[in-house]
Amino acid sequence: MKCISCGAEYDNMEIIYTCKECDSLLEVLCHAEVSRDIFACRKSTMWKYKEFMPVDHSHIVSLEEGGTPFCHCPQLGDELGIDLYVKVEGSNPTGSFKDRGMSVGITKALELGVSTVGCASTGNTSASLAAYAARAGLRCIVLLPAGKVALGKLAQAMFHGAEVVSVRGNFDEALETITALALKGELYLLNSVNPFRLEGQKSIGFEIVDDLGWKSPDRIVLPVGNAGNISAIWKGIREFHEAGFISDLPRMTGIQAEGAAPIARAVAKGRDDIVPVENPETIATAIRIGAPVSAKKALRAIYESDGMAETVADEEILSAQKLLARTEGIGVEPASAASIAGLIKIVDAGKIDKGEQIVCVVTGHLLKDPNTAINACTKPVEVDADVGALSRIINPA
Ligand code: F0G
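**Focus on the site of the ligand**
Stage number 1. Near the ligand, the surroundings consist of 21 residues, among which Ser121, Thr125, Asn226, Ala227 and Thr363 are the closest.
Stage number 2. Side-chain polar atom of Ser121 to an oxygen atom of the ligand: 2.7 Å apart, as the coordinates give it.
Stage number 3. Interatomic distance of 2.8 Å between a backbone N/O atom of Thr122 and an oxygen atom of the ligand.
Stage number 4. Starting from 470 Å² of accessible surface for the ligand in isolation, the protein chains cover 99%.
Stage number 5. Its residues assigned to classes, the shell around the ligand comprises 8 nonpolar, 11 polar and 2 charged.

This is how it looks when you write it as structure tokens:
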């Protein structure tokens, strides 16, 4: 592992989350001498790229995550004047991209011989950690901001047997608390500050360029919360570029909710650090985060790739969520729809070229947050089981 700021290096078997010299973020150094042809005949999971997963392969904990749908979206794309693809991460085993990170993270936990894992979460991380910890037979403790976690995610964390603790406070406060506990050695922290999480999530970048026939799209657009995923995807893309598998690079475009947008605000000012948002608020509870831990890596990804960041209002998120569901049949949770909402906004503002090939990463499944989905629709009409009555309803005239 290497510090992204001062370059200090650490052994991969050391349990450490930030640099001991300067407290900055760590990344796992990964380099593989293979030909991309070896991937072709393998099963379509993220372990297809196992040479780029720096953990012990003798006891991989997997639910066959990755290999998610890569849907061309001509209806919406034509409307926007672009060539649009959507990477549907809701199709992972627990319904979000977090499974990629947890497969590597829990494999690493076994390699380190720990017995208890934990995280703070806006919901999806806890759902995923609970499932993978169950599979590995590890004790799992999750901290959730009280009253701010979507129903589906809470159900998953509880049902997979995690010890769920509701914290009076927001995600940032919950993360600070559990990090302190991890530093006391009471559990192995599997938030995305743990660089092994990002090693799994970088496979989204691998799959996108593989899906496009070993070509980079012009742009990758995704929601940004704690800022791990945009950093991970950029790391993956760079590794495949360095390996010679692709010759071009995408522009990384991060979208945040207006009420929780420290990274977009930093980019707007050209800064390489953030001013935390004290009381983050958005309907997209997954990205209701004011002090993203991986901000430094995310800003680096955006600047290095000549990308951009944008903010979207809650109404724009909800209308994009419905648009994607009703024009392309893809159901995503509100945070995921932020990528579509942001894309629409930057197209409308003329900030991207017509005809660009763009991949939106939609990060979690519609059913994660059933309440928001139901509240966005009109109530079903109730009718007797009678053909005449039903006819009058479907053909009013
Ligand atoms: N989309 C969804 C559905 C998420 O659950 C998250 C993060 C993000 C986007 C943002 O990704 O944090 O890597 O920038 N959810 C975390 C959690 C924070 O606890 O489940 P990020």
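That was the structure; now back to the text.
**Side note on helix α4 (residues 151–159)**
Stage number 1. Taken as a whole, α4 has its buried residues at Gly152, Lys153, Gln156 and Ala157. Each buried residue of α4 sits inside an arc of 130° when the element is viewed along its axis, so together they form one side. Seen from the buried face of α4, the exposed residues on the opposite side, beyond 90 degrees, are Met158 and Phe159.
Stage number 2. Buried residues along α4 sit against α3 (124–136), β6 (139–145), β7 (163–167) and α13 (370–375).
Stage number 3. Directly beyond the C-terminal end of α4, a positive phi value near 95° is found at Gly161.

**Regarding the pairing of strand β10 (residues 251–257)**
Stage number 1. Burial of β10 is extensive: 6 of the 7 residues sit out of reach of the surface.
Stage number 2. Note: strand β9 (residues 219–223) against β10, 5 bridges, orientation parallel. Its bridge partner lying in β10, Ile220 is registered against Met252.
Stage number 3. At this point the chain moves from β9, through helix α8 (residues 228–242), to the parallel β10, and the crossover so formed is right-handed.
Stage number 4. In this sheet, strand β11 (residues 308–312) lies alongside β10 in parallel orientation, the contact comprising 5 bridges. Note on β11: the bridge partner recorded for Ala257 is Val312.

**Description of the sheet that holds β6**
Stage number 1. The parallel open sheet is built from 4 strands, whose spatial order is β7-β6-β5-β8. Where the open sheet ends on each side, the last strands, each with one partner, are β7 and β8 (188–189).
Stage number 2. Contacts between α3 and the sheet are confined to β5 (116–120) and β6, with β5 contributing the most and set at about 170° to the helix.

**Observations regarding the nonpolar core**
Stage number 1. By size, the foremost hydrophobic cluster in this structure holds 92 residues, and its most contacted members are Ile106, Val117, Leu129, Tyr188, Ile220, Phe240 and Ile263.
Stage number 2. The residues contacting Phe240, other than those within four sequence positions of it, are Phe39, Tyr49, Phe52, Phe206, Val209, Trp214, Phe245 and Ile246.

**Some thoughts on the pattern of salt bridges**
Stage number 1. Summed over all chains, the structure comprises 24 salt bridges.
Stage number 2. Salt-bridge contacts for Glu207 lead to Arg100; the nearest nitrogen and oxygen are separated by 2.9 Å. Linking Glu207 in helix α7 (residues 203–211) with Arg100 in helix α2 (residues 98–112), this pair joins segments that are 107 residues apart in sequence. Accessibility assignment for this pair places Glu207 and Arg100 in one class, buried.
Stage number 3. Across the pair Arg219 and Glu356 runs a salt bridge whose closest N-O atoms are separated by 3.0 Å. Taken together, the positions of Arg219 in strand β9 and Glu356 in the loop between α12 (334–348) and β12 (357–362) put the pair 137 residues apart, joining distant regions of the chain.
Stage number 4. Through salt bridges with shared partners, a single network forms among Lys87, Glu89, Arg100, Glu207 and Asp211.

**Quick look at the sheet that holds strand β3 (residues 70–72)**
Stage number 1. Taken together, 6 strands build an open sheet; the order of strands is β3-β4-β12-β9-β10-β11 and the sheet is mixed. Each edge of the open sheet is held by one strand with a lone partner, namely β3 and β11. Each strand axis lies, on average, 25° off the axis of its neighbour in the sheet, ignoring direction.

**Regarding the packing of aromatic side chains**
Stage number 1. Scanning the model with the defined rule gives 16 aromatic pairs in all.
Stage number 2. Between Phe39 and Phe240, the ring centres sit 6.0 Å apart and the planes meet at 15°, which makes this aromatic pair stacked. Here the residue Phe39 occupies a position in the loop between β2 (26–27) and β3, and Phe240 occupies one in helix α8, the gap between them amounting to 201 residues. Like Phe39, the residue Phe240 is buried in the burial classification.
Stage number 3. For the ring pair Trp214 and Phe240, a centre distance of 5.8 Å and an interplane angle of 45° mean the geometry is tilted. With Trp214 in the loop between α7 and β9 and Phe240 in helix α8, this residue pair connects regions lying 26 residues apart in the sequence. Of the two residues, Trp214 and Phe240, both sit in the buried class.

**With respect to the state of the cysteines**
Stage number 1. Per the stated rule, a full pass over the model turns up 0 disulfides.
Stage number 2. No disulfide involves Cys119; its sulfur sits 6.2 Å from that of Cys140, the nearest cysteine.
Stage number 3. Its relative accessible area of 0% is what places Cys119 among the buried residues.

**Structural notes on the domain arrangement of the protein chain**
Stage number 1. Domain parsing of the protein chain yields domain 1 (1–30) and domain 2 (70–92 + 197–375).
Stage number 2. Placing the centre of domain 1 and that of domain 2 at their C-alpha centroids yields a distance of 27 Å.
Stage number 3. Residue-level contacts link 8 residues of domain 1 with 9 residues of domain 2.
Stage number 4. For the pair domain 1 and domain 2, the two sides together bury roughly 720 Å², of which 56% comes from carbon and sulfur.
Stage number 5. When the area that domain 1 buries against domain 2 is broken down by residue, the three leading residues are Ile4, Leu25 and Glu27, summing to 58%.

Cut-offs used in this document
- Residues numbered from 1 in each chain as written.
- Predicted model: local features only at pLDDT ≥ 70, side-chain atom pairs only at ≥ 80, totals over all residues.
- Heavy atoms only, no water.
- Near = heavy atom within 4 Å.
- Polar contact = N/O pair within 3.5 Å; in protein donor to acceptor, adjacent residues only side chain to side chain.
- Areas by Shrake-Rupley, 256 points an atom, 1.4 Å probe, with all protein chains shown as cover.
- Nonpolar A, V, L, I, M, F, W, Y, C, P; charged D, E, K, R; others polar.
- Buried < 20%, exposed > 50% of the residue type's maximum accessible area, 1.4 Å probe, protein only.
- Helix = DSSP H or I, 4+ residues; strand = E, 2+ residues; numbered from the N terminus.
- Arc of directions from axis to C-beta.
- Contact = heavy atoms within 4.5 Å.
- Pairing = 2+ DSSP bridges.
- Right-handed = clockwise from strand over helix to strand, strands pointing away.
- Axes fitted to C-alpha atoms, helices over the stretch in contact; angles between N-to-C directions.
- Core = buried A, V, L, I, M, F, W, Y, C linked by side-chain atoms within 4.5 Å.
- Salt bridge = Lys/Arg side-chain N within 4 Å of Asp/Glu carboxyl O.
- Phe/Tyr/Trp six-rings, centres within 6.5 Å; stacked < 30°, edge-to-face > 60°.
- Disulfide = S-S within 2.5 Å.
- Domains from an automatic or database assignment.
- Buried area = accessible area lost by both parts, 1.4 Å probe.

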